Amino acid sequence: MEQEPGETDQESAVLKISAQSDSSNKPVEQLEGSVHAAHQFPIDSDSHTDDLKPDIPTEESTPFIAKAENNGTNGQTSTLQNAANITSSLASFRGDVYQATTTPIPKGERSSGCCSCASTGICTFMKLRCYMCCKPVMVESHPKPGSNAQFCERLKYSLLCPPHGWLARMLVIVLSMLFAFGLVWGATGVDGVYGGSNFGLLVLFLLCSAAGRLMPLIRLPPLLGMLIMGCILGNVPYIDVARSIDHEVSAALRKIALAVILTRAGLGLDPKALKRMSGVVVRLAFLPCLVEAVTCMVTAHLFLKFPLQWGLMLGFVLAAVSPAVVVPSLLSLSDKGYGTDQGIPTLVIAAASLDDVLAISAFSILLSICLSSSENIALTVVRGPLEALAGVVYGIVLGAVLWYLPPHRKTHSLGLKRSALLLAGGLFALFGSETAGIGGAGALGCLTLPFVAALRWRKQLPDGQSELISEKHMTALWGIAQPFLFGLIGAAVDFTQITPSVVGWGILLLVIGLIFRLLASFLAVFGAGFTLKEKFFIPIAWLPKATVQALIGSLALDTAIRNRAGAEKIEWGLQILTIAVLCILLTAPIGAAAISLSGPRLLQKSAASANVTRESVSDQVDVASEFEMEIIDDKRESV
């Protein structure tokens, strides 16, 4: 049979493809080279290189099948149709890019245009070569390693392309950091570069967030890493970028973060447990604080030669617990179900706020007595209870208002509106109380407001839902506010203020005071129905000190300098500041770690959490059993 010039090689190559396709075990990729070989059209001696580019084939421009039909050769028609199907499958697998290169074009219909034809062929060839070269490092070409795989195998898989897993998250963080630095620099100019306040805030937030994520790897609470990183950024030369942060901005950010955590704590308080243990709350708030303050007074008088008034003032500086450390640690345990049935998180969180009110009020009274301020001492004495009462009344009134505003409607924006109003009310309580001169009312009002509002909101929850949407919002906000709070508290610790001669006596004073505080806390919870392990845990939860010490630790020194009280009183004020710094450095990390480590060992897990855990474990066992049975069935079928 005569054949037209230029078609002999094409048909023979296609026939070769059809012969190879008879074996169903060969994948389409193995025929790729032969298919491309079938479309290397012969070029006549008088033709030009512009004949290389084929047009998109149409039904009329497919000569082989048409010619076979005309000649009546059914076998060749079937063979060529099979080859065309293989060609079409390969084009579908590789994409539309290969469609033009896998279909023959009649010689008479070949397009002209040398540059465009040559460039299309080169681009197609280069795309194919690039894909084949990159295929070994693509994720889709490698199975995911199992849970029992070695570290090197998991690391190799994590580095495959495109980025995924922890590598993708790290790249996102790096890219976000670059954009953040660029935004700060573009918006604030000089203040956004090294040495500026905004630059210091951004670096502190990013590094404290990173340090907080590393701490759970060694079974320590995140706030511990944030505190340590804040101390480093505030005191280590050449990287002390936190020193450039404006003090007013730092104080404002700490209050905002404190408002977030107190609002979250107020939403999590259990009203039934609080009513049942109201007497225990009062005992736990007052007894340990008073015992530690008196112990520090006696110790400071004996070892540091402080007057009794100054020793008692130092005692109240050291006696206040830190809600910023205690509340997040207890909420973390509460989220896991530890101690919730006994109401221990509610007890400690509620008592912490009263403890701070007592310590700050007593310190203010003693500061007025020791430094002879112009304020009436009698008014100072009654101010503490009045501030506490004002905070409680504020929280009750505004919380009752939020029962009806915004109106209860089943809309997606209801939870967001309530969260915004709670946070705004808490911020107003903290900032407004300071401006009005009744700072002791702020924290208590911020805690009471969400507690009262949640009393009615929980009754409006649909069946099967136990968590308020506002709690989820506050948890998300706490993830942003936490690095600022603990990082700025750590940065506020000034190592240059630590006098070596006072360090030894200061540590001894702290240890003696904490021993008596632990004993008083243990005795304060007797008669509340707790087990012996739970009674041991509550004194441990009463250890951390940070927020109040950072707030009032330097007031005695600043007031003595401002009033020109004399060198002796200035020296006593400096010693109070030094011991307050030591108190933060020792009790905040140790207390946070002690709460995190001892909670699961000393507290009972709630029945609901235990049931959820058992159900999840049984579900995992069922899934694993089903998976094993499928593997066994597959092996049986293969045998």
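Residues numbered from 1 in each chain as written. Predicted model: local features only at pLDDT ≥ 70, side-chain atom pairs only at ≥ 80, totals over all residues. Heavy atoms only, no water.

### What about the overall build of the chain?
The test is simple: Each helix corresponds to a stretch of at least 4 residues labelled H or I by DSSP, and each strand to a stretch of at least 2 residues labelled E; elements are numbered beginning at the N terminus. A 1.4 Å probe rolled over the protein chains alone gives each residue an accessible area, and that area as a share of the maximum for its type sets the label: buried under 20%, exposed over 50%, partly exposed in between. In what follows, residue pairs with any heavy atoms lying within 4.5 Å of each other are defined as contacts. We get accessible surface area from the Shrake-Rupley algorithm with a probe of 1.4 Å; when it comes to residues, only the shown protein chains can shield them.
A tally of helices and strands in the chain yields 25 helices and zero strands. Looking at the 639 residues of the chain, the share that counts as buried comes to 43%. Here the contacts in the chain between residues at least 6 apart in sequence split such that 76% fall between residues at least 24 apart. In the structure as shown, the chain presents an accessible area of about 33200 Å², 64% of it carried by carbon and sulfur atoms.

### A look at the confidence of the model for the chain
For the record, the criterion: pLDDT runs from 0 to 100 and stands for how confident the predictor is about each residue.
A residue-level look at the chain finds 74% of positions with pLDDT of 70 or above and a mean pLDDT of 75. The secondary-structure element of the chain with the lowest mean pLDDT is helix α2 (residues 32-38), recorded at 42, while helix α13 (residues 308-319) shows the highest, at 92. Counting interchain partners and residues more than four positions distant, the pLDDT-below-50 stretch residues 1-11 has 17 contacts. Below a pLDDT of 50 lies the segment residues 610-639, which in the model reaches one contact outside its immediate sequence neighbourhood of four places, other chains included.

### A closer look at the packing of α13 against helix α15 (residues 344-371)
For clarity, the cut-off: Here an angle of 0 to 180 degrees is reported between the N-to-C directions of two axes, which are lines fitted to C-alpha atoms, with helices fitted over the stretch in contact. Working rule for angles: under 35 degrees goes down as roughly parallel, over 145 as roughly antiparallel, 65 to 115 as roughly perpendicular, anything else as oblique. Helix crossings fall into two classes, left-handed where the near helix is turned counterclockwise from the far one by less than a right angle and right-handed where it is turned clockwise. Gly is placed with the polar residues, together with every amino acid not listed as nonpolar (Ala, Val, Leu, Ile, Met, Phe, Trp, Tyr, Cys and Pro) or charged (Asp, Glu, Lys and Arg).
In contact at an axis separation of 9 Å, α13 and α15 are set at 155 degrees when each is read in the N-to-C sense. Relative to α15, the element α13 is oriented roughly antiparallel. Crossing geometry of α13 relative to α15 is assigned as left-handed. Contacts between α13 and α15 involve Gln309, Trp310, Leu312, Met313, Phe316, Val317 and Ala319 from the former and Asp355, Ala359, Ala362, Phe363, Leu366, Leu367, Cys370 and Leu371 from the latter. Tallied by class, the residues present in the contact of α13 with α15 amount to 13 nonpolar, one polar and one charged.

### Details of the nonpolar core
To be explicit about the condition: As used in this record, nonpolar core signifies buried Ala, Val, Leu, Ile, Met, Phe, Trp, Tyr and Cys residues forming a set joined through side-chain atoms within 4.5 Å.
In this structure, Leu204, Leu284, Leu330, Leu347, Ile349, Phe486 and Phe537 are the most contacted members of the largest nonpolar core, which totals 85 residues. Broken down by element, the residue count for this core peaks at nine residues, all from helix α19 (residues 469-492). Not counting residues within four places of it along the chain, the set of residues in contact with Leu347 comprises Met277, Val280, Val281, Leu284, Val525, Phe530 and Ile538. Counting 37 residues, the second largest nonpolar core, distinct from the first, contains Ala320, Ala362, Ala580 and Leu582.

### A closer look at a nonpolar patch on the surface
Note the threshold: Like-charged residues are merged into a patch within 9 Å and nonpolar side chains (Val, Leu, Ile, Met, Phe, Trp, Tyr) within 5 Å, provided each residue has over 30% relative accessible area and no salt bridge. We define a salt bridge as a contact between a side-chain nitrogen of Lys or Arg and a carboxyl oxygen of Asp or Glu at a distance within 4 Å.
A surface patch of nonpolar side chains, about 600 Å² in accessible area, is lined by Ile507, Val511, Ile515, Phe516, Leu519, Leu586 and Ile590. Of all the secondary-structure elements, those providing two or more residues to the nonpolar patch are α20 (500-524) and α24 (567-602). Sort the elements by how many residues they give to the nonpolar patch and α20 lands first, with five residues.

### Observations concerning α20
Threshold: Expected span, for any helix, means 1.5 Å times one less than how many residues it has.
Relative to the 36 Å expected for 25 residues at 1.5 Å per residue, α20 spans 36 Å between its end C-alpha atoms, a close match to the ideal helical length. Considered for burial, the residues of α20 that qualify are Val502, Gly506, Leu509, Leu510, Gly513, Leu514, Arg517, Ala520, Ser521, Phe522 and Ala524. Each element contacted by the buried residues of α20 is listed here: α12 (278-303), α13, α15, α21 (532-541) and α24.

### Quick word on the side chain of Gln482
Assignment of secondary structure puts Gln482 in helix α19. Residue Gln482 is classed as buried on the basis of its relative accessible area of 12%. Gln482 has contacts with Pro222, Leu223 and Met226, leaving out every residue within four places of it along the chain.

### A word on the layout of surface pockets
What counts, and what does not: Think of a 1 Å grid over just the protein atoms. A cavity is a set of points where a 1.4 Å probe fits yet cannot get out, a pocket is an open set with protein on both sides within 12 Å along at least five of seven lines, and lining residues have an atom within 4 Å of a point. Grid points are joined across faces, edges and corners, and a volume is the space filled by probe spheres set on the points.
By volume, the second largest pocket amounts to about 1200 Å³. What lines the second largest pocket is a set of 40 residues, among which Ser209, Gly212, Arg213, Pro216 and Pro222 lie closest to the centre. Taken together, the elements giving at least two residues each to the lining of the second largest pocket come down to α7 (165-188), α8 (197-214), α9 (222-235), α14 (323-335), α19 and α24. Considering each element in turn, the lining of the second largest pocket owes the most residues, eight residues, to α8. Among the residues forming the lining of the second largest pocket, the class breakdown is 25 nonpolar, eight polar and seven charged.

### Notes on the environment of Ala362
You can see Ala362 is positioned in helix α15. C-alpha separation for the pair Ala362 and Gly315, spaced 47 residues apart in sequence, amounts to 9.9 Å.

### Description of the packing of helix α10 (residues 247-268) against helix α17 (residues 413-436)
Where α10 contacts α17, the axes come no closer than 9 Å and their chain directions differ by 130 degrees. Considering their axes alone, α10 and α17 lie oblique with respect to each other. For the crossing formed where α10 meets α17, the hand is right-handed. Here Ala252, Lys255, Ile256, Leu258, Ala259, Val260, Thr263 and Leu267 of α10 lie close against α17, whose contacting residues are Leu422, Leu423, Gly426, Leu427, Leu430, Phe431 and Glu434. Partitioned by chemical class, the residues of the contact of α10 with α17 number 11 nonpolar, two polar and two charged.

### Some thoughts on the environment of Pro288
As for its position among the elements, Pro288 is in helix α12. A relative accessible area of 0% means that Pro288 is categorised as buried. Once the C-alpha coordinates of Pro288 and Gly513 are considered, the two residues, 225 residues apart in sequence, prove to be 9.9 Å apart. Excluding anything up to four places from it in sequence, Pro288 contacts Arg283, Arg517, Ala520, Ser521 and Trp542.

### Description of the packing of aromatic side chains
In plain terms, the rule: Only rings of Phe, Tyr and Trp enter the pairing, Trp through its six-membered ring, and a pair is recorded when the two centres are within 6.5 Å. The plane angle decides the type: under 30 degrees is stacked, over 60 is edge-to-face, the rest tilted. We call a charge positioned over a ring when the NZ of a Lys or the CZ of an Arg lies within 6 Å of the ring centre and within 35 degrees of the ring normal.
Counted according to the given criterion, the structure contains 10 aromatic pairs. Relative to Trp572, the ring of Trp310 lies with its centre 5.5 Å away and its plane at 55 degrees, an arrangement referred to as tilted. Pair noted here: Trp310 is in helix α13 and Trp572 is in helix α24, with a separation of 262 residues, a long-range link. One exposure class covers both Trp310 and Trp572, and it is buried. Relative to Phe428, the ring of Tyr394 has its centre 6.1 Å away and its plane inclined at 40 degrees; by these criteria the two rings are tilted. One end of the pair, Tyr394, is in helix α16 (residues 377-401); the other, Phe428, is in helix α17, with 34 residues separating them in the sequence. For Tyr394, a relative accessible area of 24% puts it in the partly exposed group. Grouping aromatic residues by their ring pairs yields a cluster made of Phe306, Trp310 and Trp572. Directly above the aromatic system of Phe526 lies the positively charged group of Lys535, at a separation of 3.9 Å from the ring centroid.

### Describing the state of the cysteines
Put simply, the rule reads: A pair of sulfur atoms, both from cysteines and within 2.5 Å, is called a disulfide here.
The final tally for this structure, using the stated rule, is zero disulfides. Free cysteine Cys231: the closest other cysteine sulfur is in Cys208, separated by 9.4 Å. For Cys231, a relative accessible area of 11% corresponds to the buried category. The cysteine Cys296 is free of any disulfide, with Cys583 supplying the nearest cysteine sulfur at 8.4 Å.

### Topic: the pattern of salt bridges
If you walk through the whole model with that rule in mind, you get five salt bridges. When the shortest N-O distance is used, the salt bridge between Asp355 and Arg517 registers 3.6 Å. With Asp355 in helix α15 and Arg517 in helix α20, this pair connects stretches of sequence that are 162 residues apart. Within the structure, one salt-bridge network assembled from shared partners comprises Glu292, Asp355, Arg517 and Lys545.

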